[in-house]
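Close look at the chain arrangement
Chain residues, written in single-letter form:
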Amino acid sequence: MSDKIRLVIQSDIEGLKKVVDSSGLFPSQYLDEMITDYLQNEDTNDIWFAYIEGQTPIALGYCVPEKLTVGTYNLLALGVSNDYQRKGIARKMMKYIEELLLQKNGRILIEETSSDDAQVAARKFYHHIGYTQVAVIPDFWSDGEDKIVFCKKISQ
């Protein structure tokens, strides 16, 4: 695994908020609430990971096991700061989470995105790294904005 990618620690939070704002992933004010269980509950199944350049987080990922499944995980967020996009960091982040999930007996990783034009690059990225589009849920996010689900079997 990459020596620049590791699990998130408390001191990463402010830097991660900058990543979220820069990448447009979601409003950064949501991060504190989203990551609380991960930081405070030693029994959490949440996985938060970051790409660190120097001492600064420049990318983040958030993955959880799917309830009522055996070895299926959902990558809920993957974002790279604008200044670092298109440099292979997202690909490295995906390799990291896939390898980590294999260690946890993970079988399948799913990723959900949107039909919104702003997500064209994300959809192409997932296709390019071996994910298959397996579902479209019409009007999921809002009228006219579909959920597009990608999937990859990560175990042999």
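Please refer to the structure higher up on the page.
To start, this report covers the structure provided alongside it. Please read all numbers here as calculations on a predicted model, not as lab measurements. Along each chain, the written sequence defines residue order, and numbers are assigned to residues from 1. Predicted model: local features are reported for residues with pLDDT of at least 70 only, side-chain atom pairs are reported and counted for 80 or more only, and whole-chain, interface and lining totals are derived from all residues. Excluded from the side-chain calculations are hydrogens and water; all other atoms, namely the structure's heavy atoms, are used.

This part takes up the overall build of the protein. Check the secondary structure of the protein and you find 4 helices and 7 strands. Starting at the N terminus, helices and strands are each numbered in turn, a helix being any DSSP run of H or I of at least four residues and a strand any DSSP run of E of at least two. In sequence order, the secondary structure elements of the protein are arranged as β-α-α-β-β-β-α-β-α-β-β. Once the C-alpha set of the protein is aligned to its principal axes, its extents read approximately 40 × 35 × 30 Å. Evaluated residue by residue, the protein yields a buried proportion of 42% over its 156 residues. Of the contacts made within the protein by residues no fewer than 6 positions apart, 58% connect residues no fewer than 24 positions apart. Carbon together with sulfur atoms contributes 47% to the accessible area of the protein, which is approximately 9000 Å² in total. Residue exposure (1.4 Å probe, protein chains only): buried if accessible area is under 20% of the type maximum, exposed if over 50%, otherwise partly exposed. The contact rule is simple, with two residues in contact once any of their heavy atoms fall within 4.5 Å. For the area figures, the Shrake-Rupley method with a 1.4 Å probe applies, and any residue is considered shielded solely by the protein chains shown.

For helices, the fitted axis covers only the stretch in contact; all axes are lines through C-alpha atoms, and the angles between them, taken along N-to-C directions, range from 0 to 180 degrees. Running from N to C, helix 3 (residues 89-103) and helix 4 (residues 120-128) point in directions that differ by 50°, and their axes come no closer than 11 Å. The angle between helix 3 and helix 4 places the two elements in the oblique class. Note that helix 3 runs across helix 4; the crossing there is right-handed. Contact residues: A90, R91 and M94 in helix 3; F125, Y126 and H128 in helix 4. Residue polarity follows a fixed list, in which Ala, Val, Leu, Ile, Met, Phe, Trp, Tyr, Cys and Pro are nonpolar, Asp, Glu, Lys and Arg are charged, and the others, Gly among them, are polar. Considering only residue class, the contact of helix 3 with helix 4 consists of 4 nonpolar, 1 polar and 1 charged. The cut-offs work like this: below 35 degrees is roughly parallel, past 145 is roughly antiparallel, 65 to 115 is roughly perpendicular, and the gaps in between are oblique. A clockwise turn of the near helix away from the far one marks a right-handed crossing, whereas an anticlockwise turn of less than a right angle marks a left-handed crossing.

Listing the buried residues of helix 1 (residues 13-23) in full gives I13, G15, L16, K17, V19 and V20. Contacts from the buried residues of helix 1 go to helix 2 (31-40), strand 2 (47-53), strand 3 (56-65) and strand 4 (72-80). Within two residues after helix 1, G24 carries a phi angle of roughly 70°, on the positive side.

In this section: a nonpolar patch on the surface. Note on patches: the residues involved have over 30% relative accessible area and no salt bridge, like charges join within 9 Å, and the nonpolar side chains Val, Leu, Ile, Met, Phe, Trp and Tyr join within 5 Å. For this document, the term salt bridge refers to a Lys or Arg side-chain nitrogen within 4 Å of an Asp or Glu carboxyl oxygen. Together, I137, F140 and W141 make up an exposed nonpolar region whose accessible area comes to about 280 Å². Mapped onto the secondary structure, I137 falls in strand 6 (residues 132-142).

Taken residue by residue, a regular strand's side chains alternate between the two faces of the sheet. Within strand 5 (residues 108-114), 6 of the 7 residues are buried, leaving the element largely enclosed by the surrounding structure. With the strands pointing away from the viewer, any crossover whose connection runs clockwise from the first strand over the helix to the second is right-handed. Crossover connection from strand 4 via helix 3 to parallel strand 5: handedness right-handed. Strands qualify as paired when DSSP identifies two bridges or more between them. Pairing geometry for strand 5 and strand 7 (residues 145-153), over 7 bridges, is antiparallel. Of the residues in strand 7, the one forming a bridge with T113 is I148.

The rule for a disulfide is simple: a pair of cysteine sulfur atoms within 2.5 Å. Scanning the model with the defined rule gives 0 disulfides in all. Not engaged in a disulfide, the cysteine C151 finds its nearest cysteine sulfur in C63; these two sulfurs lie 12 Å apart.

On to unusual backbone geometry, then. Keep in mind that most residues, glycine aside, have a negative phi and that most peptide bonds are trans. We note that L68 has phi near 65°; this positive angle belongs to a residue other than glycine. As for its placement among the helices and strands, L68 is situated in the loop between strand 3 and strand 4. Residue class for L68 comes out exposed when judged on its relative accessible area of 92%. Phi is positive for D139, which is not a glycine, with a value near 55°. Inspection of the secondary structure assignment puts D139 in strand 6. On the basis of relative accessible area, D139 is assigned to the partly exposed category, the value being 41%.

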